[in-house]
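Structural description and commentary
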Amino acid sequence: ADDALFLCVNAANVEKDYRWIVRHAGAVASVRNTSEETGLLALQGPASAEILRRACEGPFGDLPRYAFDRVAIAGSTALVSRTGYTGSDGFEIYLGVGDLVRVFEALLEVGKPSGLVPAGLGARDTLRLEAGMNLYGADMDETTSPLVSGLGWTLAMKDDRDFIGKAALQAQQAAGVQQRFVGLVLLDKGVLRNHLKVITPQGEGEITSGSYSPTLQKSIAMARVPAAAEGKVEVEVRNKRLQAEIVKLPFVREGKSMLNSEGK
């Protein structure tokens, strides 16, 4: 509705985020924390739309990306949004916690012919890294500016709209942003991990998220490096310096490599 918002926040930050929202809402809006009564299932992958269509008890249209609708599924009414934390198509299904197991099992049964299997956070983490998506607590937190976390595109900095923190961000821009958020592809043998030191001619940086990419068959990472850094860099792994290259994010989109023939 025009006068209602639904927020899905990082699970580890529910109480902290709720208190922040209430503090700033004041008398303008009423706020209710429904975390204990609301569950979430993530249906992700190239076959997700067809699986959901088969699972729904009524018509399910072609929902646009980042849109939502209410659907009937396995005897429950669910809020379905075409969103997800991977670089592929996907849906997030919100429903009452008492309905979670039944809907989960129904989806598995319907999706079995399409190869649907349960996947945990470790699998999801490789996919969100391939897609260049930030993770709270790794790539950004309260101590890091959106301007050095690859999130400048989310900010309304070029018009007259105001928001909490805009003045501070404008001051950062005026002073000159000293770091930028980039992708790294390892050129040597090894695996890039969180918090490893990145060495560039312009100074040191740090890997914020790193892992092995099943799609690219390479080790990849996201890192915060000096703003002028580009091209080949070194990463300190177990007292050795390994060669890596700065690339544009994302690494993968819709299951396909976004790296060009030169790996950039």
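Residues numbered from 1 in each chain as written. Predicted model: local features only at pLDDT ≥ 70, side-chain atom pairs only at ≥ 80, totals over all residues. Heavy atoms only, no water.

Things to note about helix H4 (residues 121-130)
- Where H4 is concerned, the buried positions are Thr126, Arg128, Leu129 and Glu130.
- Lining the buried residues of H4 we find strand S7 (203-213), strand S8 (218-226) and strand S11 (252-253).
- One or two residues past the end of H4 sits Gly132, with phi positive at roughly 70 degrees. (Buried < 20%, exposed > 50% of the residue type's maximum accessible area, 1.4 Å probe, protein only. Helix = DSSP H or I, 4+ residues; strand = E, 2+ residues; numbered from the N terminus. Contact = heavy atoms within 4.5 Å.)

Re the sheet that holds strand S4 (residues 90-96)
- With antiparallel pairing, four strands are arranged side by side in an open sheet as S1-S4-S3-S2. Because the sheet does not close on itself, it has two edges, and the strands there are strand S1 (38-44) and strand S2 (68-73). Along the sheet, successive strands turn relative to each other by an average axial angle of 30 degrees, direction set aside.
- Here six bridges tie S2 to strand S3 (residues 76-81), and the two strands are oriented antiparallel to one another. Along S3, the bridge assignment pairs Asp69 with Val80.
- Against the sheet, helix H2 (residues 48-55) engages S1, S2, S3 and S4, with an angle of about 35 degrees to S4.
- Together, S1, S2, S3 and S4 form the strand contacts of helix H3 (residues 100-111), whose direction differs from that of S1 by roughly 10 degrees. (Pairing = 2+ DSSP bridges. Axes fitted to C-alpha atoms, helices over the stretch in contact; angles between N-to-C directions.)

Some thoughts on the pattern of salt bridges
- According to the stated counting rule, one finds 15 salt bridges in the structure shown.
- A salt bridge links Lys16 to Glu142; the shortest N-O distance between them is 2.5 Å. Taken together, the residues span a long stretch of sequence, with Lys16 in helix H1 (residues 14-25) and Glu142 in the loop between H4 and helix H5 (166-175) at a distance of 126 residues.
- For Lys16, a relative accessible area of 31% corresponds to the partly exposed category.
- With a closest N to O distance of 3.2 Å, Arg241 and Glu234 form a salt bridge.
- One connected set of salt bridges, linked through shared partners, spans Asp62, Arg65, Arg82, Asp89 and Glu254. (Salt bridge = Lys/Arg side-chain N within 4 Å of Asp/Glu carboxyl O.)

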